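Structure at a glance
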Amino acid sequence: MKKFAPVFVLSAGTLWGIMGIFVRKLGTYGFSSLQIACLRILFGAVLFLLITGVFDRNLLKIQPRDIWLFLGMGLVSLLMFTVCYFTTISMASLSVAAILLYTSPIWVMLMSAVFFREKITGRKLLCAAMAFGGCVLVSGVGSASSLSPMVLVTGLLSAVGYGLYSIFGTFALRKYQPLTVTTYAFLFGAAGALVLCNPVEIAGIISTVPNPGSLLLLLVVTAFVTAVLPYLLYTVGLSNMRASAAAIMASIEPVVATAAGALVFGEALTIPAFVGIALVLAAIVVLNVKT
């Protein structure tokens, strides 16, 4: 599994990169960014529960003393990250949202050094710098309008939340299977989502749509493609590699987000963006070259 761990993480990052497409599509139905974030987690939790129940119900057994791990993953990481990231997407371009999110490898590297005593090697620092520099170029950050104070705050909070998933997840994976970890992370995240969102208002929006069935299908596909599958892939990858390395490799997301923004929404793809893409890909290659 260690050989395939990078592939799992890269696949997860790719799927997260196209998340903005689904977010903007759901926004046309009248959902707010907070409601979209909550719906993604809620539908994701239902799908995870169904998958785990069918695959192996024994995976739903956890020890009460470990609940804090899943609370951290569900509320502090998953819910905060999703709400902040979706809010950033609603206020800025997909690429700007992605670049702010991908300051997360820096936080993960620092937290891993504290909690897991991972060495901050020159190679990791180089790869993190290359990935972040590439993300900056990809995002096209430079205009004041792209980085309003609110965009900066929500974007950085999404980075911290995302980074904490790797930290809590590393602890949880020492005792539980990836499917157990992801299922409970989404269940606790869904509980928090129900408190934040307005279920009655959401039900009202769904009921007024001309074809509710199509909307519900879109919500299921959104949850599966941008939540269930990538989180499961990332968690499996995380169980077979260091958190700091996984965080750097997931930097493929802004590359995919930028490509998606250009292809689907006509967002500009400049020469610096191409250079940035090359830097991110180079960081991933350098990180995986054996010495």
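Before going into details, it helps to say that this report is about the structure given with it. As the structure is a prediction and not an experimental result, all values here were calculated from the model.

Definitions and limits used
- Residues numbered from 1 in each chain as written.
- Predicted model: local features only at pLDDT ≥ 70, side-chain atom pairs only at ≥ 80, totals over all residues.
- Heavy atoms only, no water.
- Helix = DSSP H or I, 4+ residues; strand = E, 2+ residues; numbered from the N terminus.
- Rg over C-alpha atoms; globule rule 2.2 N^0.38 Å.
- Buried < 20%, exposed > 50% of the residue type's maximum accessible area, 1.4 Å probe, protein only.
- Contact = heavy atoms within 4.5 Å.
- Areas by Shrake-Rupley, 256 points an atom, 1.4 Å probe, with all protein chains shown as cover.
- Lys, Arg positive; Asp, Glu negative; His and termini not counted.
- Charge placed at Lys NZ, Arg CZ, Asp CG, Glu CD.
- Core = buried A, V, L, I, M, F, W, Y, C linked by side-chain atoms within 4.5 Å.
- Patch = residues over 30% accessible without salt bridge, like charges linked within 9 Å, V, L, I, M, F, W, Y side chains within 5 Å.
- Salt bridge = Lys/Arg side-chain N within 4 Å of Asp/Glu carboxyl O.
- Phe/Tyr/Trp six-rings, centres within 6.5 Å; stacked < 30°, edge-to-face > 60°.
- Polar contact = N/O pair within 3.5 Å; in protein donor to acceptor, adjacent residues only side chain to side chain.
- Arc of directions from axis to C-beta.

Glancing now at the overall build of the chain. For the chain, the count of helices and strands is 14 helices and zero strands. For the chain, the α and β elements follow one another from N to C terminus as α-α-α-α-α-α-α-α-α-α-α-α-α-α. Relative to the compact-globule value of 19 Å for 291 residues, the chain shows a C-alpha radius of gyration of 18 Å, a close match. C-alpha atoms of the chain, sized along the principal axes, occupy 55 × 45 × 30 Å. Considering the chain as a whole, with its 291 residues, one finds that 54% of them fall into the buried category. The contacts in the chain between residues at least 6 apart in sequence include a share of 89% that link residues at least 24 apart. On the chain, roughly 12600 Å² of surface is accessible, and the fraction owed to carbon and sulfur atoms is 73%. Charged side chains in the chain number 16 positive and 6 negative. The centres of these two groups are separated by 13 Å.

What follows covers the nonpolar core. Most often, soluble globular proteins keep nonpolar side chains buried together rather than apart. Grouped together as the largest cluster of nonpolar side chains are 95 residues, with contacts concentrated most on Phe31, Tyr85, Tyr162, Phe186 and Tyr234. Of the residues forming this core, the biggest block, 12 residues, is contributed by helix H11 (residues 212-238). When neighbours within four sequence positions are excluded, Tyr85 is seen to be in contact with Met19, Ala97, Ala98, Leu101, Ser158 and Glu253.

A cluster of nonpolar side chains, Ile106, Trp107, Leu110, Ile120 and Leu125, forms an exposed patch at the surface whose accessible area comes to about 430 Å². Examining the composition of the nonpolar patch, we find that three residues originate from one element, helix H6 (residues 104-115), more than from any other. Residue placement: Leu110 occurs in helix H6. You can call Leu110 partly exposed: its relative accessible area is 44%.

Under the criterion given, the structure shown has 17 aromatic pairs. Taken together, a centroid distance of 5.1 Å and an interplanar angle of 70 degrees make the contact between Trp16 and Tyr231 edge-to-face. A residue pair is termed long-range when its members are at least 10 positions apart, and Trp16 in helix H1 (residues 5-17) and Tyr231 in helix H11 qualify at 215 residues. By relative accessible area, Tyr231 is classed as buried at 1%. Linked through ring pairs, Trp16, Phe48, Phe81, Tyr85, Tyr162, Tyr165, Phe186, Tyr231 and Tyr234 together constitute an aromatic cluster.

Assignment of secondary structure puts Thr87 in helix H4 (residues 67-91). Within the structure, Thr87 has its side chain in polar contact with the backbone oxygen of Val83 (distance 2.7 Å). Sequence-distant contacts of Thr87, that is, excluding residues within four places in its chain, are made with Ser33 and Thr154.

Within helix H2 (residues 19-27), the full set of buried residues consists of Met19, Gly20, Phe22, Val23 and Leu26. For H2, the angular spread of the buried residues around the axis is 160 degrees, confining them to a single face.

Now for the environment of Ser32. With respect to the helices and strands, the residue Ser32 is situated in the loop between H2 and helix H3 (33-55). In sequence terms Ser32 and Phe86 are 54 residues apart; their C-alpha atoms lie 9.3 Å from each other.

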